[in-house]
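Commentary on secondary and tertiary structure
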Amino acid sequence: MVENGGEFYDRQEVREPEQRAAQMFTALPGLIRHAIDNAPGMAAHLDGVDAAAVTTPEALAELPVLRQSELVAKQAAEPPFGGLAATPIARLSRVFVSPGPVAEPESVRTDYWRFARALFAAGFRTGELIHNAFSYHLTPAGMMVEAGARALGCPVVPAGTAPTPRQLEAIARLEPVAYTGTPSFLRSLLDEAAASGRPAPFARALVAGEALDEDRRAEFRARDGVDVFQCYATADLGLVAYESEPRDGLIVDEAVIVEIVKPGTGDPVGADEVGEVLVTSFNPDYPLIRFATGDLSAFVPGISACGRTNRRIRGRLGRADRSAKVRGRFVHPHQVAEILGRHGLAKGRFVVDHAGGDDRLRLLVEAPAAGGDLAEAVGVSLREVTSLRGEVEVVRPGSLGDDDEVIDDRRG
């Protein structure tokens, strides 16, 4: 599906932002109704929700967040999908098992994971042979790319995690012009191919699964002649966002709604603040509503210079769901949010380190005045919420920065 003279994958990418929002929020009540009617686990999660009323971002923000820890628990209690899948297992084509363990369904729909859009934006075109080094074993990454490549009309070398010498032999023999996989394995393949005297023929690459800094990207282009793009996807959701030629942020996929919220809560952050990525997926087989990815990101203002009009995010900026074990008990980001909420505070952070050989827990909270009464009251809440004793430090607003790190474990 390539439209608009081949410049964009389809017309959805260039809709007016207001038109896109209106269309998605018009369709959202039907998605929620479908999930409630066909996925018992989602019906329980959304108990009491009036699907017909969820027609605005504000109404969506009132719905409960679905966290991966809950998903794991639901699946353990009711295998394989915890009642969250809206399609019977007999109508699926594959069932994957990712670390967690988490099971993910794949139906027979064309480009189920919606990867063709990301491949097209990265310059992949019909007929190009792709060397696909994402794993094909249990996790869906390899099939995500393959399904998108098939929709785009690109044949694939299913290299997966085969031994590097075998992959280099296949590359030398078949001469694929494009690569998909992690950036670190791309570096390894390129280095070993060059050392063998038969440089890899890759002209472009779409990478994911690891951070890609601009220095590494520039090195791929200058030293190896490979034009590298990145995308953001998860095994639960498929494609979430992808890069285009200007590389001015990752453009949100057309089949999801992305929210950025304060970690541990469902409350939206400010326009340019860092927060946790929540995704609502318009996937009729697996309709995850306000699914917390555990990743930190922030929206980029405006639209991309490439002409695609959807919102953009800055990519993965860290993890929001990091937990830490302190004196035998786990502390979690949502506990920070609960403590802050009790006292009308906006920002806080657990800091865990060693003091005299023992674990030490501190809670840093931002407040205009460092009053002892506030620290004492927050300390009481800290003990009630975590069942741990800890120190409370009141710091001036802005002291904790804008990275939204919620748990800082300094024990190495």
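Described in the following lines is the structure provided in the data block. (Residues numbered from 1 in each chain as written. Predicted model: local features only at pLDDT ≥ 70, side-chain atom pairs only at ≥ 80, totals over all residues. Heavy atoms only, no water.)

**Section: the sheet that holds strand β19 (residues 358-366)**
Sheet architecture is open: four strands sit in the order β20-β19-β18-β21, paired in mixed fashion. The open sheet has two edge strands with one neighbour each: β20 (391-395) and β21 (407-409). Mean inter-strand twist for the sheet, computed between neighbouring axes without regard to direction, equals 25°. Pairing of strand β18 (residues 348-355) with β19, which is carried by eight bridges, proceeds in the antiparallel orientation. For Val351, the partnering residue across the bridge sits in β19 and is Arg362. (Pairing = 2+ DSSP bridges. Helix = DSSP H or I, 4+ residues; strand = E, 2+ residues; numbered from the N terminus. Axes fitted to C-alpha atoms, helices over the stretch in contact; angles between N-to-C directions.)

**Quick look at the pattern of salt bridges**
A complete count under the given rule lists 36 salt bridges for this structure. Close ionic contact of Arg362 with Glu393 constitutes a salt bridge, the shortest N to O distance being 2.9 Å. In this pair, Arg362 is assigned in strand β19 and Glu393 in strand β20, connecting sequence segments 31 residues apart. Judged by its relative accessible area of 29%, Glu393 is partly exposed. With its nearest N and O atoms 2.8 Å apart, the salt bridge here joins Asp408 to Arg410. For Asp408, a relative accessible area of 13% corresponds to the buried category. Salt bridges sharing common partners tie together Asp10, Glu13, Arg114, Arg117, Asp253 and Arg308. (Salt bridge = Lys/Arg side-chain N within 4 Å of Asp/Glu carboxyl O. Buried < 20%, exposed > 50% of the residue type's maximum accessible area, 1.4 Å probe, protein only.)

**A word on the packing of helix α8 (residues 183-195) against helix α9 (residues 214-224)**
Two numbers describe how α8 lies on α9: the axes approach to 12 Å, and their chain directions differ by 25°. Here α9 runs roughly parallel to α8, going by the angle between their axes. Read as a crossing pair, α8 and α9 show a hand that is left-handed. Contacts between α8 and α9 involve Pro183, Ser184, Leu186, Arg187, Leu190 and Asp191 from the first element and Arg216, Glu219, Phe220, Arg223 and Asp224 from the second. For the contact of α8 with α9, the per-class residue count stands at four nonpolar, one polar and six charged. (Parallel < 35°, antiparallel > 145°, perpendicular 65-115°, else oblique. Left-handed = near helix turned anticlockwise from the far one by under 90°. Contact = heavy atoms within 4.5 Å. Nonpolar A, V, L, I, M, F, W, Y, C, P; charged D, E, K, R; others polar.)

**Brief notes about the sheet that holds strand β7 (residues 204-207)**
The strand order β5-β4-β6-β7-β8-β9-β10-β15-β14 describes an open sheet built from nine strands, whose pairing is mixed. Strands at the two margins of the open sheet, each flanked by one partner only, are β5 (156-158) and β14 (299-300). With four bridges joining them, strand β6 (residues 178-181) and β7 adopt parallel strand pairing. Within β7, the residue paired with Gly181 across the bridge is Val207.

**So, the state of the cysteines**
Formally, a disulfide is one covalent bond, and it connects the sulfur atom of one cysteine to the sulfur atom of another. The full count for this structure, using the stated rule, is zero disulfides. Distance from the sulfur of Cys231, which forms no disulfide, to the nearest cysteine sulfur (Cys154) is 15 Å. On the basis of relative accessible area, Cys231 is assigned to the buried category, the value being 6%. Not engaged in a disulfide, the cysteine Cys306 finds its nearest cysteine sulfur in Cys231; these two sulfurs lie 15 Å apart. On the basis of relative accessible area, Cys306 is assigned to the buried category, the value being 14%. (Disulfide = S-S within 2.5 Å.)

**Some remarks on the packing of aromatic side chains**
In this structure the tally under the stated criterion is five aromatic pairs. Relative to Trp113, the ring of Tyr112 has its centre 4.9 Å away and its plane inclined at 85°; by these criteria the two rings are edge-to-face. What makes Tyr112 buried here is its relative accessible area of 3%. With relative accessibility at 2%, the residue Trp113 sits in the buried group. The structure contains a cluster of three or more aromatic residues connected by ring pairs, namely Phe96, Tyr112 and Trp113. Taking the ring centre of Phe229 as reference, the NZ or CZ of Arg247 above it sits at 3.9 Å. Arg311 extends its terminal NZ or CZ atom over the ring of Phe299, reaching a point 3.6 Å from the ring centre. (Phe/Tyr/Trp six-rings, centres within 6.5 Å; stacked < 30°, edge-to-face > 60°. Lys NZ or Arg CZ within 6 Å of the ring centre and 35° of its normal.)

**So, the side chain of Glu128**
If you trace the backbone, Glu128 turns up in the loop between α5 (116-121) and β4 (130-132). With relative accessibility at 16%, the residue Glu128 sits in the buried group. Side-chain polar atoms of Glu128 contact the side chain of Arg204, separated by 2.8 Å. Setting aside residues up to four positions removed in sequence, Glu128 forms contacts with Gly123, Cys154, Pro155, Val177 and Arg204. (Polar contact = N/O pair within 3.5 Å; in protein donor to acceptor, adjacent residues only side chain to side chain.)

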